[in-house]
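Given next are the chains, with one letter for each unit.
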Amino acid sequence: MSGLILCTKKSDVPYRIKESDINIYSIEELAYYLYNNVYFTDNDFFSEDLIQYIEEKLGLKHIAEKLRTAQRQNLGFVADILIIIQESGYFTQQEIKEFKSQLKDIASKSMHERLGAKAKMLFGKGKYLDSKKI
């Protein structure tokens, strides 16, 4: 992230990320969120609701199609994250390269390890019932 970056397309209607209790309004905000919360992201994060939001509210049909294609091919959440990160234009190539290395590490963790980290994050945000569900 170098300097100030203006959002390419911003929606008047937010997309609510329930796990973090955050609203996003642009693909750049989504990329920033994923970059900084990747440890807590899984296949369920990339729901059809999110893809429809990207397509309809942000008008980014090409990104929505890439996500749907990745899901049809069962490429997993790492591929979905990379689509958002790369297509957003928010990060430099060097940042993306370093991020890919971090993603490999996260993808190599067991679901149990990732879920444990997610439960701790939710608990730390005061979402006690949600953390207990994990």
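Our subject is the structure that appears above.
Just so we're clear, the structure is a prediction, and the values are computed from it rather than from any experiment. (Residues numbered from 1 in each chain as written. Predicted model: local features only at pLDDT ≥ 70, side-chain atom pairs only at ≥ 80, totals over all residues. Heavy atoms only, no water.)

This part is about the nonpolar core. The tendency in soluble globular proteins is for nonpolar side chains to be buried side by side. One finds Leu 30, Leu 34, Phe 46, Ile 54, Ile 81, Ile 84 and Ile 85 to be the most contacted residues of the largest nonpolar core, which totals 34 residues. Of all the secondary-structure elements, those providing two or more residues to this core are strand E1 (10–17), helix H1 (27–37), helix H2 (48–57), helix H3 (61–72), helix H4 (77–88) and helix H5 (93–108). In this view, Ile 84 contacts Ile 27, Leu 30, Ala 31, Leu 34, Phe 46, Ile 54, Ile 63 and Leu 67; residues no more than four positions away in its chain are not counted. (Core = buried A, V, L, I, M, F, W, Y, C linked by side-chain atoms within 4.5 Å. Buried < 20%, exposed > 50% of the residue type's maximum accessible area, 1.4 Å probe, protein only. Helix = DSSP H or I, 4+ residues; strand = E, 2+ residues; numbered from the N terminus. Contact = heavy atoms within 4.5 Å.)

Of the voids in this model, the largest pocket is the one considered here, and its volume is about 150 Å³. In terms of lining, the largest pocket is formed by Tyr 15, Arg 16, Ile 17, Lys 18, Glu 19, Asp 44, Phe 45, Ser 47 and Asp 49. With 3 residues, the top contributor of residues to the lining of the largest pocket is E1. Looking at the lining of the largest pocket, its residues break down into 3 nonpolar, 1 polar and 5 charged. (1 Å grid on protein atoms, 1.4 Å probe; cavity = no way out; pocket = protein on both sides within 12 Å on 5 of 7 lines; lining within 4 Å. Points joined across faces, edges and corners; volume = space filled by probe spheres on them. Nonpolar A, V, L, I, M, F, W, Y, C, P; charged D, E, K, R; others polar.)

It is worth spelling out the pairing of strand E2 (residues 22–26) at this point. The sheet contact formed by E1 and E2 spans 4 bridges and is antiparallel. In the strand pairing of E2, Arg 16 is matched with Asn 23. In textbook terms, the turn of a hairpin is the stretch between consecutive antiparallel strands, and for E1 and E2 this stretch comprises 4 residues, one of which, Asp 21, has a positive phi near 60°. (Pairing = 2+ DSSP bridges.)

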